[in-house]
Amino acid sequence: MDFVLALAPAGLMALAAIVARLGPASVARAWRWFNGLNLAALGCAAVGLAWQLSVHFGGAADPAPAGPWLAAGLFAGWVSLLVQFLGAAIGLYSARHLRGEPRQRVYIAALAAVLAAVHMLLLANHWLVLIAAWAAIGQAMHALLCFYPDRPFAVLAAHKKKIADRAADGLLLLAAGLAWSAAGSGTLTDLWLHIATAPAAPALAGSGVCLALAVIARTALMPVHGWLVQVMEAPTPVSALLHAGVVNLGGYVLVLFAPLLGVSPAACWLLVGFGLVSAVVAGLVLLTRVSQKVHLAWSTIAQMGFMLLECGLGLYLFAALHLLGHSLYKAHHFLNASSRVRASSCQQMLGAVSHSGRSMLWAVPASLAVVFGLQAAWGDPVWPWWWCALLALAWAPLLWVPAAGRPGGFAWRALGMVVFLTLAALCVDRAPLGVGNDPLDAAGIVALAGMALLYAGMGLFLCRPRLVIGVRRWVYAGFYTDEGYTWWVLRLWPVAWAGAAPPAAAARPVRNPVHSQPGY
């Protein structure tokens, strides 16, 4: 029963893609069909998750996989419900946002195909199903990113993403081959059983490394991050789908493969290194950007870096919570981007966009006191000490008081938010997500030092901008890492991304194509 309910959203979305291509000629009717099937799939996902929770709290054993190819898990049920909820919201928004645009039927079919492929990835119990579903997501997203094929930077961003996806597919095939040779089967349940009963083998360690590198490429971590910023040329709902759903799948795959990462320390350190660098650099870059959508894009890169850092540290439960929370947060911000622009303009006119240096000084001690105090009052220690400090650093910016205006009670409201978030994180350890933690203490100390460096850099950029004026240009450009990646991509896999430019314009060399796009 649970497997049928879990498979239903994928089937309904596949049907929606077929109807969009072969169904009614009227675009309005095509949208009604799509949104109706979307809401039906949302209902199936909700009922399926409720069924799994009833089985979980009833004390029954986890359901057996439906054969060697597909399986329905509790965490997959949560993510399936989240994905379908976002798909329903994006579908309803897109029907209004794209009114009057050509190629809407192509958009509907591609959006439905993305959702169907995501549901198949969540049900994957075999390496081949996982790789095929992830590749299908990339192909369907390519059609959405090139919805406006006459926009050069949309074509360039889609091409760069395509290259990163093909590299990730190759790494996943290599990871599957190594794991298959060690476990004697491509089924994931057989792999988990082999890891639990047999001694660790070098092939499994290599498989974990390849898996980590594939996820790094898929989630747009530095230095292959540039396409995620440039996809702002696509329609706003496509950006919401990409930032809130598709790039988060890397976190889901790492949580799913937690047993494999447990026998591959090198893979964990790779995730810690790439995740920490991406979080620190992107966290500084977003302070230099004024475009709302570009700011959100760099925020996604920082959040993805932090999510992969959590997986590398063995904190899979918090990575799962981060995935769910970030998806909702980023979808809301992208679909509400116009209102955010107006609010930001009002803040700039009021002069309340900077923060007082005094509040930055007491923010860290106050946040540390809250986190460590609530951890001690909770009873048995739930987190390692370094994770408490990391959480305190992550939430300290909430306590920064605006330099202008100083609204009454702001500090107390912010402190209440930190208390609420800490209590919520403590309760997550008891949440029925079907995920556990396996902390890696040595990497945790390295991550703590990196996040402290990020906090210090953010303080300098906001309070003492004159001291960092020499490096601001480098930070603004992301240390020019994307320029190098773009150069190699266009050199090895050229594409006519510039479109039908006039001969005079085409003859002029473009030294920095990434930074020449509008609003970058």
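This structure is a prediction, so every number in the text was calculated from the model and none was measured.

K.L.:
Give a detailed account of the overall build of the protein, specifying residues and quantitative values.
P.N.:
Per the secondary structure count, the protein includes 23 helices and 0 strands. Evaluated residue by residue, the protein yields a buried proportion of 52% over its 520 residues. Long-range contacts, defined here as pairs at least 24 residues apart, represent 82% of the contacts in the protein between residues at least 6 apart.

K.L.:
Lay out the packing of helix H11 (residues 249-256) against helix H15 (residues 316-335) with the relevant residues and their values.
P.N.:
Between H11 and H15, the least distance of the axes is 10 Å, while the angle of their chain directions is 155°. One element, H11, and the other, H15, form an angle in the roughly antiparallel class. Along this stretch, H11 crosses H15, giving a crossing that reads as left-handed. Where H11 approaches H15, its residues Gly251, Tyr252, Leu254 and Val255 are matched on the opposing element by Tyr316, Ala319, Ala320 and Leu323. Its residues assigned to classes, the contact of H11 with H15 comprises 7 nonpolar, 1 polar and no charged.

K.L.:
Would you mind going over the state of the cysteines in detail, with residue names and values included?
P.N.:
For the structure shown, the criterion picks out 0 disulfides. Cys268 carries a free sulfur, and the closest cysteine sulfur to it, the one in Cys311, is 9.3 Å from it.

K.L.:
Provide a residue-level description of the packing of aromatic side chains, including the pertinent values.
P.N.:
Enumeration according to the criterion identifies 12 aromatic pairs in this entry. Arranged with centres 5.6 Å apart and planes meeting at 75°, the rings of Tyr107 and Phe147 form a pair that is edge-to-face. Taken together, the residues span a long stretch of sequence, with Tyr107 in helix H4 (residues 104-123) and Phe147 in the loop between helix H5 (127-145) and helix H6 (152-183) at a distance of 40 residues. Classification of Phe147 by relative accessible area gives buried; the value is 3%. Here the aromatic residues Trp31, Phe34, Tyr107, Phe147 and Tyr148 are joined through ring pairs into a cluster of three or more. Positioned above the aromatic ring of Tyr148, the side-chain terminus of Arg151 is 4.1 Å from the ring centre. If you follow Lys161 out to its NZ or CZ, it ends over the ring of Trp227, 5.4 Å from the centre.

K.L.:
I'd like to hear about the pattern of salt bridges, residue by residue, with values.
P.N.:
A side chain of one charge can pair with a side chain of the opposite charge if their charged atoms are brought near each other. Overall, the coordinates contain 5 salt bridges when judged by the stated rule. The salt bridge involving Lys161 is made with Asp165; its shortest N-O contact spans 2.7 Å. Of this pair, Lys161 and Asp165 both sit in helix H6, 4 residues apart, which is roughly one turn of the helix. Take Lys161 and Asp165: they sit in the same class, and that class is buried. We note a salt bridge from Asp169 to Arg166, for which the minimum N-O separation is 2.8 Å. Of this pair, Asp169 and Arg166 both sit in helix H6, 3 residues apart, which is roughly one turn of the helix. Of the residues examined, Arg166 reaches a relative accessible area of 31% and is grouped as partly exposed. Several salt bridges converge on common partners, so that one network encompasses Lys161, Asp165, Arg166, Asp169 and Arg218.

K.L.:
Provide a residue-level description of the nonpolar core, including the pertinent values.
P.N.:
Counting 166 residues, the largest nonpolar core has Leu121, Trp127 and Met141 as the members making the most contacts within it. When residues of this core are assigned to their parent elements, the largest contribution, 14 residues, is made by H4. Non-local contacts of Met141, meaning those with residues more than four positions away in its chain, are made with Val114, Lys161, Val238, Leu241, Leu242 and Val246. Judged by nonpolar contacts, the second largest core, of 5 residues, contains Ala164, Val224, Tyr485 and Val489.

K.L.:
Can you lay out the side chain of Lys161 for me, pointing to particular residues and giving the numbers?
P.N.:
Look at Lys161 and you get buried, because its relative accessible area is 6%. The residues contacting Lys161, other than those within four sequence positions of it, are Gly138, Met141, Leu145, Trp227 and Leu242.

K.L.:
Break down helix H3 (residues 74-97) for me, citing the residues and quoting the values.
P.N.:
Structurally, the α-helix is built with 3.6 residues per turn, so residues lying three or four positions apart point the same way. In this model H3 runs 34 Å from its N-terminal to its C-terminal C-alpha over 24 residues, within 8% of the 34 Å that 1.5 Å per residue would give. Extensive coverage of H3 is indicated by the burial of 17 of its 24 residues.

Conventions and cut-offs
- Residues numbered from 1 in each chain as written.
- Predicted model: local features only at pLDDT ≥ 70, side-chain atom pairs only at ≥ 80, totals over all residues.
- Heavy atoms only, no water.
- Helix = DSSP H or I, 4+ residues; strand = E, 2+ residues; numbered from the N terminus.
- Buried < 20%, exposed > 50% of the residue type's maximum accessible area, 1.4 Å probe, protein only.
- Contact = heavy atoms within 4.5 Å.
- Axes fitted to C-alpha atoms, helices over the stretch in contact; angles between N-to-C directions.
- Parallel < 35°, antiparallel > 145°, perpendicular 65-115°, else oblique.
- Left-handed = near helix turned anticlockwise from the far one by under 90°.
- Nonpolar A, V, L, I, M, F, W, Y, C, P; charged D, E, K, R; others polar.
- Disulfide = S-S within 2.5 Å.
- Phe/Tyr/Trp six-rings, centres within 6.5 Å; stacked < 30°, edge-to-face > 60°.
- Lys NZ or Arg CZ within 6 Å of the ring centre and 35° of its normal.
- Salt bridge = Lys/Arg side-chain N within 4 Å of Asp/Glu carboxyl O.
- Core = buried A, V, L, I, M, F, W, Y, C linked by side-chain atoms within 4.5 Å.
- Expected span 1.5 Å × (residues − 1).

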